[in-house]
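# Topology and contacts: notes
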Amino acid sequence: MDKTTAVPDVMVTANLLSRLDRLPMTRTALLTTILVTVIWVAEGFETGVIGPILLLVKEPWGLTAQGTAQLGIASTGGIIVGAALAGRIIDRYGRKSVLLCGVSLFSLFSALCAVSADVGWIMAMRVLGGLALGAVFPIPYLMLSELLGTRSRARMIAAASAVLALSYLVPQAAALVMVGHLPVDLAWRILFLLGGLPILAVPLISRNLPESPRWLLLKGRTDEARALVEQLEREAGYHHENDLVHPEIATVVRAEYESGAERGSGTADLFRRPLLGRFMLCLLICAGASAGAYVLLVYASVMYADMGMTAQGALVTTIGIIIAGAVGAIAVGQFADRLGRKKTFLLYSVGAIFGFSALALSQNVALAVTCGFVSAFFCTGLVPFTKLFTSEQFPTHARGTAAGFVESASRCFGGVLVVASIPFIQNKLGTSAPFWLICAIFLVCLGPVMLGARETRGMSIDRAGAV
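The structure displayed is predicted, hence computed values, not measured ones.

With that settled, the discussion passes to the overall build of the protein chain. Secondary structure summary: the protein chain contains 22 helices and zero strands in total. What you see for the protein chain is a C-alpha radius of gyration of 22 Å, in line with the 23 Å of a compact globule of 467 residues. The C-alpha extent of the protein chain, read off along each of the three principal axes, is 70 × 45 × 40 Å. Counting the 467 residues in the protein chain, one finds 58% classified as buried.

So this is what it looks like as structure tokens:
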């Protein structure tokens, strides 16, 4: 650490970023992690609720395979558009404002799904709710990556993401309680109404969730950023060292200021080198994880029911798959810090390939259940890693835009193209073909990522995202 000669605004920004990056977990950082985790639970419920609802209503409503797929991907279609459009809004108006608006809207549209049993109405509400979900999905990762220091970033994002994975248990568990005890027409309505409850937490989140300090600095709101950094320092027992500047951070800040990045040129920069190459690598890293996680989330309960399980048994098995994915998500943060980002991606990709190939070859229910657990550990467990990797590839002025586009593209690929094609693939190539497809996706993506990706373990997010 030393003093670095620079213009005053660069010096102040570099000082605050240097002080922020050295901090351990504090009360405010922990509270922020808890609040965004609560939001993740709401997101996970809203995304995952359609699986058990489809299991409940498929037979009474006489849904065909095509109708099931359409309802299954309705929300995802909205998420794709919402995430793509929201990236620039997140970078322009702030992480917190867009987050609060999005949570309010997707909660409202979830509750409105319960109004009518008309499939067209439910699909419309799911699409609208998906638009709001798409705006929200990248933000918790952005807020944590831009607030937490290098020492805790990977571990805390992975641990919080494990709660997101576990949140998919809530609709499964709720459906399990209702099956056989409540009429189907009441049960699915209650599930949608539960998805509307997060709106009640918006005032609490608004009062206690801080804005990203890096976004505040980018927008010239230095006094607000300084107040937040000093609050974090007081909680950690650190002195306010106004002369502390990390040379590498100062270099990054100066380069961004000289390029005019503080005015917000994220979209244009994203499609120019070197960010374009990083953007393509992010898409490759997300492809297999997104496709595999969606297949397990949307079709696991239906798949096991088709193998002869009861509805209750299929739901219990799906809950086990979700737990396995959450354990994998917790572990991926530890691996990312100890092995590095690239070796962790290799480990989890090979594990997912093994799990899905074994699932494709399974001849009995017990083996299929075991292979489903293995696949979920590595594939669903890789999802938080893809978010961490994406946040570390871009500078602050383009991070929200990039995260939005990556979220949109990965969900379009995994949640729409792959999921919607599964009935066709199964009819033409057999029930195991979708699992071989997931294996092929991982294999295709593995080489370019291992050869082209940068290792960012141990870097501050400013240095990792520097152009």
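The next point concerns the packing of aromatic side chains. Taken as a whole and judged by the stated rule, the model has twelve aromatic pairs. Measuring from ring centre to ring centre gives 6.4 Å for Phe 345 and Phe 385, while their planes differ by 20°; the resulting arrangement is stacked. Taken as a pair, Phe 345 in helix H18 (residues 341–361) and Phe 385 in helix H19 (residues 365–391) lie far apart in primary sequence, 40 residues in all. For the pair Phe 345 and Phe 385, a shared accessibility class is recorded, and that class is buried. The interplanar angle of 80° and the centroid separation of 4.9 Å between the aromatic rings of Phe 377 and Phe 378 together place this pair among those described as edge-to-face. Classification of Phe 378 as buried rests on a relative accessible area of 18%. Aromatic rings pair up to connect Phe 335, Tyr 348, Phe 377 and Phe 378 into one cluster. Residue placement shows Arg 411 over the ring face of Phe 137; its charged tip is 3.9 Å from the ring centre.

One turn of an α-helix holds 3.6 residues; hence residues three or four places apart share an orientation. Here helix H17 (residues 311–338) spans 41 Å end to end across 28 residues, near enough to the 40 Å set by a 1.5 Å rise per residue. In the segment just after H17, Gly 340 is the residue with positive phi, at about 100°.

We now examine the confidence of the model for the protein chain. The predicted coordinates should not be examined in detail at positions where pLDDT is low. Across the protein chain, pLDDT averages 86, with 96% of residues at or above 70. Predicted confidence for residues 1–8 stays below pLDDT 50, and this span has 16 contacts to residues more than four positions away or in other chains.

The terminal C-alpha atoms of helix H6 (residues 119–136), which comprises 18 residues, lie 25 Å apart, in line with the 26 Å expected from a rise of 1.5 Å per residue. Buried residues of H6: Ile 122, Met 125, Arg 126, Gly 129, Gly 130, Ala 132, Leu 133, Gly 134, Ala 135 and Val 136, and no others. Along its buried surface, H6 packs onto helix H2 (27–48), helix H3 (50–57), helix H4 (65–93), helix H5 (95–113), helix H7 (139–147) and helix H10 (184–194). Residue Asp 118 occupies the N-cap position of H6, its side-chain oxygen lying 3.1 Å from the main-chain nitrogen of Gly 120.

Among the surface-exposed residues, Leu 105, Leu 108, Leu 194, Leu 197, Ile 199 and Leu 200 lie close enough to one another that they form a single nonpolar patch of about 520 Å² accessible area. Following the sequence through the fold, Leu 108 ends up in helix H5. According to the relative accessible area criterion, Leu 108 is partly exposed, its value standing at 41%.

What follows deals with the nonpolar core. Counting 119 residues, the largest nonpolar core has Tyr 304, Phe 356, Phe 385 and Ile 438 as the members making the most contacts within it. Per-element tally for this core: the top contributor is helix H16 (residues 275–306), with 17 residues. Every residue in contact with Ile 438, bar those within four places of it in the chain, is listed here: Gly 288, Ala 291, Gly 292, Val 295, Phe 356 and Val 418. Listed in part, the 23 residues of the second largest apolar core include Ile 50, Leu 56, Ala 174 and Leu 315.

This paragraph deals with the packing of H5 against H7. At a minimum axis separation of 10 Å, H5 and H7 run at an interaxial angle of 150°. Relative to H7, the element H5 is oriented roughly antiparallel. In the packing of H5 onto H7, the handedness of the crossing is left-handed. Residues Arg 95, Val 98 and Leu 99 of H5 touch H7, and the partners they reach there are Ile 139, Pro 140, Leu 142, Met 143 and Glu 146. Looking at the contact of H5 with H7, its residues break down into six nonpolar, no polar and two charged.

Moving on: the environment of Gln 172. Turning to its location among the elements, Gln 172 is positioned in helix H9 (residues 169–178). Look at Gln 172 and you get buried, because its relative accessible area is 0%. As a C-alpha pair, Gln 172 and Val 49 span 123 residues in sequence and 7.4 Å in three-dimensional space. Contacts of Gln 172, omitting those with residues within four sequence positions, involve Gly 48, Pro 52, Leu 315, Thr 318, Ile 319 and Ile 322.

Counted according to the given criterion, the structure contains zero disulfides. We note that Cys 101 lacks a disulfide partner, and the nearest cysteine sulfur, in Cys 113, lies 18 Å from it. With no disulfide of its own, Cys 439 lies 9.8 Å from the sulfur of Cys 379, the closest cysteine sulfur. Accessibility expressed as a relative area gives 4% for Cys 439, which makes it buried.

Side-chain pairing between opposite charges can occur once the charged atoms of the two side chains come close. Overall, the coordinates contain 19 salt bridges when judged by the stated rule. Here Asp 462 and Arg 214 are joined by a salt bridge, their closest N and O atoms 2.8 Å apart. Here Arg 214 lies in helix H12 (residues 213–218) and Asp 462 lies in helix H22 (residues 461–464), a separation of 248 residues in the sequence. A relative accessible area of 3% places Arg 214 in the buried class.

Once that is clear, we can look at the side chain of Arg 126. Note on placement: Arg 126 falls in helix H6. You can call Arg 126 buried: its relative accessible area is 1%. Apart from residues lying up to four places away in sequence, Arg 126 is in contact with Glu 46, Thr 47, Val 49, Ile 50, Ala 74, Ser 75, Cys 113 and Phe 192.

Along the polypeptide, Gly 134 turns up in helix H6. When sequence neighbours within four positions are dropped, the list of residues in contact with Gly 134 reads Ile 79, Gly 82 and Ala 83.

About the cut-offs
- Residues numbered from 1 in each chain as written.
- Predicted model: local features only at pLDDT ≥ 70, side-chain atom pairs only at ≥ 80, totals over all residues.
- Heavy atoms only, no water.
- Helix = DSSP H or I, 4+ residues; strand = E, 2+ residues; numbered from the N terminus.
- Rg over C-alpha atoms; globule rule 2.2 N^0.38 Å.
- Buried < 20%, exposed > 50% of the residue type's maximum accessible area, 1.4 Å probe, protein only.
- Phe/Tyr/Trp six-rings, centres within 6.5 Å; stacked < 30°, edge-to-face > 60°.
- Lys NZ or Arg CZ within 6 Å of the ring centre and 35° of its normal.
- Expected span 1.5 Å × (residues − 1).
- pLDDT = per-residue confidence, 0-100.
- Contact = heavy atoms within 4.5 Å.
- Polar contact = N/O pair within 3.5 Å; in protein donor to acceptor, adjacent residues only side chain to side chain.
- Patch = residues over 30% accessible without salt bridge, like charges linked within 9 Å, V, L, I, M, F, W, Y side chains within 5 Å.
- Areas by Shrake-Rupley, 256 points an atom, 1.4 Å probe, with all protein chains shown as cover.
- Salt bridge = Lys/Arg side-chain N within 4 Å of Asp/Glu carboxyl O.
- Core = buried A, V, L, I, M, F, W, Y, C linked by side-chain atoms within 4.5 Å.
- Axes fitted to C-alpha atoms, helices over the stretch in contact; angles between N-to-C directions.
- Parallel < 35°, antiparallel > 145°, perpendicular 65-115°, else oblique.
- Left-handed = near helix turned anticlockwise from the far one by under 90°.
- Nonpolar A, V, L, I, M, F, W, Y, C, P; charged D, E, K, R; others polar.
- Disulfide = S-S within 2.5 Å.

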